[in-house]
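Remarks on the overall topology
Each chain, written out:
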2 protein chains.
Amino acid sequence: MSEAKRATYDELLRLALERGFFFPSAEIYNDAPAGFWEYGPTGLLMRNNFIRQWRRDIVRRDDMLEIDGSLILPKIVFEASGHLSSLVDPIVQCTRCGTRIRADKYISEKTGLQVDERLSSEEFQELISKYNLHCPKCGGDFGKPSKFNMMFRVGVGAEDADSYLRPETAQSIFVDFTRLSKTMRLKLPEGIAQVGKSFRNEIAPRQALIRLRELTQAEVEVFFNPNVDLDPSKFDQVKDVRMNVLVQAAGEDFRTVNAGDSAKEFGGKQIIAYYFALLQQFYENCGFPQERTRFRELSAKDRAFYAASAFDFEVDTSLGWLELVACNYRTDYDLATHSKHSKKDFHVMDGDRGKVLPHVVELSLGVDRSIFALLDLFFIHEANRDVLRLLPNIAPYLAAVFPLVSKPELESKAATLYETLKREEFSTFYDDSGAIGRRYRRMDEIGTPFCITIDHQTAEVDSATLRERDSMAQSRVKLSEIPEKLRVLRDNQKQ
Amino acid sequence: MSEAKRATYDELLRLALERGFFFPSAEIYNDAPAGFWEYGPTGLLMRNNFIRQWRRDIVRRDDMLEIDGSLILPKIVFEASGHLSSLVDPIVQCTRCGTRIRADKYISEKTGLQVDERLSSEEFQELISKYNLHCPKCGGDFGKPSKFNMMFRVGVGAEDADSYLRPETAQSIFVDFTRLSKTMRLKLPEGIAQVGKSFRNEIAPRQALIRLRELTQAEVEVFFNPNVDLDPSKFDQVKDVRMNVLVQAAGEDFRTVNAGDSAKEFGGKQIIAYYFALLQQFYENCGFPQERTRFRELSAKDRAFYAASAFDFEVDTSLGWLELVACNYRTDYDLATHSKHSKKDFHVMDGDRGKVLPHVVELSLGVDRSIFALLDLFFIHEANRDVLRLLPNIAPYLAAVFPLVSKPELESKAATLYETLKREEFSTFYDDSGAIGRRYRRMDEIGTPFCITIDHQTAEVDSATLRERDSMAQSRVKLSEIPEKLRVLRDNQKQ
């Protein structure tokens, strides 16, 4: 075990490509655009497990409502939300060959300066002149820097009506809020959740699942009365949850706090501390060690345009600290602006406290990045094998079933056990080809925690060998007791 | 019960809108385009249950692989697949006011004729002249009829590269086939499945979830060697499945057949009969009565351009027979055309039978239509109540928990039971407001099969009242036995 070490980015990518986790979209065509990736069979099982855990630890735990809205929304939604004017990247175009590139990235790359993407066109122009920068392809001069909207336009119907692919799932939650508040008997605070695709026309997509043009988000918008404290009995449930916080107030300051004492770190809002604690617990239940996570406060210039305060939930990967969740305090920004543009009233009754326009705290979780981070943290080289040390609740397959050799009596018992485990809704893999050691290695690589081998002894006494991934310990278990044994093993590992 | 009758379309829609099943997208904005709908909290739970059953009865039962591909794909994919030239609607545009409408629908509507959407532009022109048809908005003359491609174009990157939102999930399965065959050790026949959004720029979207611009599909593409028969032991498992078939050979001919005797109905291919039987069983497990389902053969002119033969799996709804699943025999059309366009070899080894370019049978399932059909079949008016008679495996909530009155000791026991049921992963609803009869009615309307009321007796003897939705029978059950009791009740109902 002393020789165990984490895999590099390239090794992780090879695992992803060769073992069915993820791979580039339309890769058989040479000129397919970057930033689109597909989930293969193992990656999808893992992603579904991750989302199931999110539903358990966040959505159901907090009795949230979950909806599934359209990916295409009309222009007016994004005029109201501000995305049409504010979700922009700075670009410059070569006047000779027409190449368009990200202004901030290119200037950083050529000068080593930290360049803020929110500089004005004039400020970009100044930097380009000062450092005498030219087109990287042909050496031509750049035209005037401009802003490139990151939403994909879609024309709807024969009339080609302006619509856009949503850049975040959140907007349908806000737009649907009046119907949901009227028909679903909401009680503040009330979380509304959504998991699904969002789209951003990145100029420079990169690093596989890290910066995608088509991504999967799991978002939660919690609507609350800003004048009312959180129910203390609710807050009490999470008061001992430990969180690392990097605050910006007077320079960077790193602290480890209990949720119960953390309200001052989070702008004095217990409700924010409460949802951050749920998020922390969820990620720990997925296997992320607390000490490798943190909530990093964003300064005013780093926040999204709709956020009054914001923290990124980050995890320490081989690529550095990586943002997995954007936690934004959106105030009543979205409800107010949709109310204004639609001329509908978004106020709701908050019990006997009267009408209120709710404020919103958001947990905007990047599913793809979380999957990437799980592989990054848990794909380990040991002396004699590669092993993906995922928790059983996240691993693509909980178990594998192998007949030791190709003999009808072993294969028939293995097939019966396999069908039994499938009926029990355990994700199970069947493999009858190659040497048994090789079959174990294949399962180690994709993180299967338990392998069950049907051998000659099974034919006689109806027991099989159960092998555990991490310890490689083997024990004999009666066939009839395997489902219960797997259940216990799965539930005993922290989740 | 003699007064029980099915709800009308309008009543179904009211249920959907007022009880959180589905509602129009961006409805707060007056000019939001038609054909986009959102799933509310109850509809989404129901849809997730439906997809879970599909995974159990089709994907896992047949050991298929499931992937999740990009929604945006480059133009070359649809040049190769034929969708760019063939997925078109006939339209005409008014020369005076610019209104564009579907030519075939408008001519049908005005003349009562059956108009085939595949007529040539000249044939549409002739009909328009013959019947002297003009713009329905301004009375102006129509220009020359043309073809309108139903795919949504998307421009990717700063270079605005031509891409499209996929019109079916199937194409990523075909494009990814070489990687999957190389890395996933496929063995023919092998099913590859995908569930997700697809997009069609319908000129005339209508009838809520029936004809959408953004839809959810659950597709299966089964790759097989056309020269090899299905394993008889596999076929044997479904030989007694009863299916209604409407064949076209010599006029329409309706038959009820056993899968085991049905190969001749399905072009002599046992493999097609086998997958149709799985589909039949799946829909019956969702509650559809066999006698209200049928496989309808499509004539050559009604088939999609890639299909050598095709059957629609239909269900008898209040709107008439409704297509839920398009079952297409796509031959090697897709693999051959992608092979040609990408210059990659798509042949695979079929054991010791050598190399083969697999043929494909497809089950292209419309999830939204299936949800609509479930509400249509099972939303029933009885004398004193409305009740949604969904099976427990499909109902949004399996159980509801009510404290009979607002007293701390009842509420605390109810809350504890609610948390217990959530931990057991039962979808459970908690309701403590209003008269108990009203709470039962609310659960009847959204299909909750079991309601558990915590009453004064519970405080004394730790038992509660379990009320069944359909019979309205009530019985007392010990609190500690409720999870097991619910499990038995759920599993005993046919699924």
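Residues numbered from 1 in each chain as written. Chains lettered and ligands numbered in written order. Predicted model: local features only at pLDDT ≥ 70, side-chain atom pairs only at ≥ 80, totals over all residues. Heavy atoms only, no water.

Focus on the sheet that holds strand S7 (residues 100-102) of chain B
Residues and elements named next belong to chain B. Within the open sheet, the 3 strands sit side by side as S7-S6-S8. Their pairing is antiparallel. Looking at the sheet topology across the chains shown, the edges are occupied by S7 and strand S8 (146-149). Across the sheet, the axes of successive neighbouring strands diverge by a mean angle of 50°, strand direction being ignored. (Pairing = 2+ DSSP bridges. Helix = DSSP H or I, 4+ residues; strand = E, 2+ residues; numbered from the N terminus. Axes fitted to C-alpha atoms, helices over the stretch in contact; angles between N-to-C directions.)

Looking at helix H6 (residues 121-130) of chain A
All names here are of chain A. By the burial criterion, the buried members of H6 are Ser 121, Phe 124, Leu 127 and Ile 128. Across the axial projection of H6, the buried residues extend over an arc of 125°, all falling on one side. The outward face of H6, more than 90 degrees from its buried face, is lined by the exposed residues Glu 126, Ser 129 and Lys 130. Summarising the contacts, the buried residues of H6 are in contact with strand S6 (88-93), helix H5 (103-111) and strand S8 (146-149). Of the residues flanking the end of H6, it is Asn 132, one or two places downstream, whose phi is positive at about 55°. (Buried < 20%, exposed > 50% of the residue type's maximum accessible area, 1.4 Å probe, protein only. Arc of directions from axis to C-beta. Contact = heavy atoms within 4.5 Å.)

Here's the deal with the sheet that holds strand S5 (residues 72-74) of chain A
Residue and element names in this part refer to chain A. Spatially, S5-S10-S9 is the arrangement adopted by the 3 strands of the open sheet, whose pairing is antiparallel. Only two strands of the sheet have a single partner each, and these edge strands are S5 and strand S9 (153-156). The mean angle between the axes of side-by-side strands here comes to 45°, regardless of whether they run parallel or antiparallel. Two elements, S9 and strand S10 (residues 161-165), share 4 bridges in a ladder whose sense is antiparallel. Bridging across to S10, Val 154 finds its partner in Ser 163.

Details of the pairing of strand S20 (residues 359-366) of chain B
All names here are of chain B. For S20, the buried fraction is high: 8 of the 8 residues fall into the buried class. Burial along S20 is two-sided: the face carrying His 359, Val 361, Leu 363 and Leu 365 and the face carrying Val 360, Glu 362, Ser 364 and Gly 366 are both buried. In the sheet, strand S12 (residues 214-224) pairs with S20 via 8 bridges, with the strands oriented antiparallel. Note that in S20 the partner of Gln 217 across the bridge is Gly 366. Of the strand pairs in this sheet, strand S17 (residues 320-331) and S20 are connected by 6 bridges, and their pairing is antiparallel.

Quick word on the relation of the copies chain A and chain B
The two copies are related by a screw motion: chain A maps onto chain B through a turn of 180° and a shift of 0.0 Å along the axis, at an RMSD of 0.0 Å. What the superposition gives is, in effect, a two-fold axis relating one chain to the other. Closest approach to the rotation axis among the C-alpha atoms of chain A is made by Val 154 of chain A, whose C-alpha sits 3.1 Å away. When the interface residues of chain A are mapped onto chain B, 100% of them again fall at the interface, so both copies present the same face. (Least-squares fit on C-alpha atoms with pLDDT ≥ 70 in both.)

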